[in-house]
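Residue-level structural notes
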Amino acid sequence: MNFTNKVAIITGSSRGIGKAIALELAKRGAKVVLNGRNQQRLEETLALVAAIQPESIFVCSDVSTIEGSKELIDTTINRFGQLDILINNVGISMRGNVADLNPAVFKTVFDSNVLGTVNPTILALKHLRKTKGSIVFISSLAAIHGLPGLSAYSASKAALQSVAESIRIEERNKIHVGLVFVAVTEIEHNKETIGADGKPKLITTRHGKKILSTEDVAKDVIRNIEKKKFRTIQTFLGKMNAFIHSRSPKLVEKIMIANIHKFEEGSK
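Residues numbered from 1 in each chain as written. Predicted model: local features only at pLDDT ≥ 70, side-chain atom pairs only at ≥ 80, totals over all residues. Heavy atoms only, no water.

Here's the deal with the nonpolar core
Core analysis: the biggest nonpolar cluster contains 31 residues, and Val33 and Val177 have the highest contact counts within it. Listing elements by their share of this core, those giving two or more residues are strand 1 (7–10), strand 3 (57–60), helix 3 (66–80), helix 4 (104–131), strand 5 (134–140), helix 5 (151–170) and strand 6 (176–182). In terms of residues, this core owes the most to one element, helix 3, which gives four residues. Ranked by size, the runner-up nonpolar core spans 27 residues in total, among them Ile21, Val136, Val182 and Ile222. (Core = buried A, V, L, I, M, F, W, Y, C linked by side-chain atoms within 4.5 Å. Buried < 20%, exposed > 50% of the residue type's maximum accessible area, 1.4 Å probe, protein only. Helix = DSSP H or I, 4+ residues; strand = E, 2+ residues; numbered from the N terminus.)

Set out below in structure tokens:
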């Protein structure tokens with residue numbers, strides 16, 4: 001699919017998956033609007049994206065707020081006059097068993113992952129209708145079944161499925177709605193999560209053959225848009241998890257308990 005003359009917003013795109021999606025869209029001709037809260041990282045990423053698609057820009061704003069989301073959408077429309085793609089990638093993870101959590105962890109995660117998705121979506125829909133565009137929600141395999149040590153994250157990503165399902169019905173025949181369940185993916189150096197105490201903590205670097213690259217995720221997101229799919233579930237294990245969970249959630253729970261040490265190690 002040629003994305004020339006298409007305008008695409010990717011939230012949370014100063015690094016990681018969002019950055020990879022931005023680069024992939026730019027390679028295919030799209031004018032990219034980067035978004036995040038770190039000005040320096042946005043400038044660095046824009047330099048890479050603009051080398052491919054010079055008309056690309058960034059908007060440094062916090063989309064978990066209405067004001068930040070309005071700035072993002074308004075700047076895009078004022079600059080380009082249209083919006084064809086909104087990829088809701090912004091989000092943050094957390095670590096810790098529920099009994100150990102500072103209750104503020106849930107608010108922090110939901111503010112970022114849910115409000116940071118819903119706010120720009122509400123403001124973007126009227127523009128996406130005009131172009132019969134696409135809106136893609138970046139969820140996680142953690143949304144299929146709540147994972148130990150990741151309760152708030154799992155719940156927030158599961159919430160995105162309900163939002164996407166509602167919009168898919170409400171906006172039928174008007175826009176394409178996609179939902180991508182991302183598998184375990186590589187992380188950039190010094191990426192942070194939220195610890196059980198509610199404070200930021202660094203995530204341990206991931207290694208192994210089963211770890212997807214950010215480029216792998218980006219290509220699946222692009223394919224979701226190209227084929228106008230609704231659900232994209234990454235990896236064979238992810239698809240099996242979804243299949244078994246829909247028929248026997250207790251079996252999935254037993255498998256998780258049998259492998260609890262792996263979840264504990266992966267939550268560091």
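Some details on a nonpolar patch on the surface
A cluster of nonpolar side chains, contributed by Phe236, Leu237 and Met240, occupies part of the molecular surface with about 340 Å² of accessible area. As for its placement among the helices and strands, Leu237 is situated in helix 7 (residues 236–247). (Patch = residues over 30% accessible without salt bridge, like charges linked within 9 Å, V, L, I, M, F, W, Y side chains within 5 Å. Areas by Shrake-Rupley, 256 points an atom, 1.4 Å probe, with all protein chains shown as cover. Salt bridge = Lys/Arg side-chain N within 4 Å of Asp/Glu carboxyl O.)

Concerning helix 4
Taking 1.5 Å per residue as the helical rise, helix 4 with its 28 residues ought to reach 40 Å, and the 39 Å between its terminal C-alpha atoms agrees with that figure. In the structure, helix 4 departs most strongly from a straight axis at Ala124, where the bend amounts to approximately 45°. Once helix 4 ends, the next one or two residues include Lys132, with phi positive near 50°. (Expected span 1.5 Å × (residues − 1). Bend = angle between axes of the 7 residues up to and from the residue.)

Considering the pattern of salt bridges
Summed over the entire model, instances satisfying the criterion amount to eight salt bridges. A salt bridge links Glu24 to Arg28; its shortest N-O distance comes to 3.3 Å. Here Glu24 falls in the buried class, since its relative accessible area comes to 12%. For Arg231, the salt bridge is made with Glu165, and the minimal N-O distance between the two is 2.7 Å. Remark: Glu165 occurs in helix 5 and Arg231 occurs in strand 9 (residues 231–233); sequence separation between them is 66 residues. Overlapping salt bridges, with partners in common, bring together Glu24, Arg28 and Glu226 in one network.

With respect to the side chain of Asn89
Topologically, Asn89 is positioned in the loop between strand 4 (85–88) and helix 4. The buried category is assigned to Asn89, whose relative accessible area is 11%. A polar contact is formed between the side chain of Asn89 and the backbone oxygen of Gly12, at a distance of 2.8 Å. Excluding residues that lie within four positions of it along the chain, Asn89 makes contacts with Ile10, Thr11, Gly12, Ile17, Gly18 and Ile138. (Polar contact = N/O pair within 3.5 Å; in protein donor to acceptor, adjacent residues only side chain to side chain. Contact = heavy atoms within 4.5 Å.)

Description of the side chain of Ser134
Relative to the helices and strands, Ser134 is located in strand 5. The residues touching Ser134, leaving out its near neighbours within four places in the chain, are Asp84, Ile85, Leu86, Leu128, His176, Ile225 and Lys228.

Description of the pairing of strand 4
Both faces of strand 4 are covered, namely the face carrying Ile85 and Ile87 and the face carrying Leu86 and Asn88. Inspection of the sheet shows strand 1 paired to strand 4 by three bridges, in the parallel sense. Looking at strand 4, one finds that Ala8 is bridged to Ile85. Relative to strand 5, strand 4 is paired through four bridges, and the arrangement is parallel. (Pairing = 2+ DSSP bridges.)

Section: the sheet that holds strand 5
Taking strand neighbours across the sheet as the criterion, the seven strands line up as 3-2-1-4-5-6-9 in an open arrangement whose pairing is parallel. Every other strand in the sheet has two partners, leaving strand 3 and strand 9 as the edge strands with one partner each. For this sheet, the mean inter-axis angle between neighbouring strands, taken without regard to orientation, is 15°. Here strand 5 pairs with strand 6 via seven bridges, running parallel. In the strand pairing of strand 6, Ser139 is matched with Phe181. Helix 1 (residues 16–27) contacts strand 1, strand 2 (31–36), strand 4, strand 5 and strand 6 of the sheet and is inclined by roughly 170° relative to strand 1. (Axes fitted to C-alpha atoms, helices over the stretch in contact; angles between N-to-C directions.)

Some points on unusual backbone geometry
The backbone phi angle of Asn5 is positive, close to 70°, even though this residue is not glycine. Position of Asn5 relative to the elements: it lies in the segment before strand 1. With phi around 50°, Lys228 is a residue other than glycine that occupies positive phi space. Mapped onto the secondary structure, Lys228 falls in the loop between helix 6 (214–226) and strand 9.

A closer look at the environment of Gly146
With respect to the element layout, Gly146 can be found in the loop between strand 5 and helix 5. Linking Gly146 and Ala158, residues 12 residues apart in sequence, is a C-alpha distance of 8.6 Å. Look past the residues within four positions of Gly146 in its chain and what remains in contact with it is Ser154 and Met256.

A few points about the pairing of strand 3
With burial as the criterion, only one face of strand 3 is covered, namely that bearing Ile57 and Val59; the residues Phe58 and Cys60 on the opposite face remain uncovered. Looking at chain direction, strand 2 and strand 3 are connected through four bridges and run parallel. The partner of Asn35 across the bridge, within strand 3, is Val59. Each parallel crossover has a hand, and the one from strand 2 via helix 2 (residues 39–50) to strand 3 is right-handed. (Right-handed = clockwise from strand over helix to strand, strands pointing away.)

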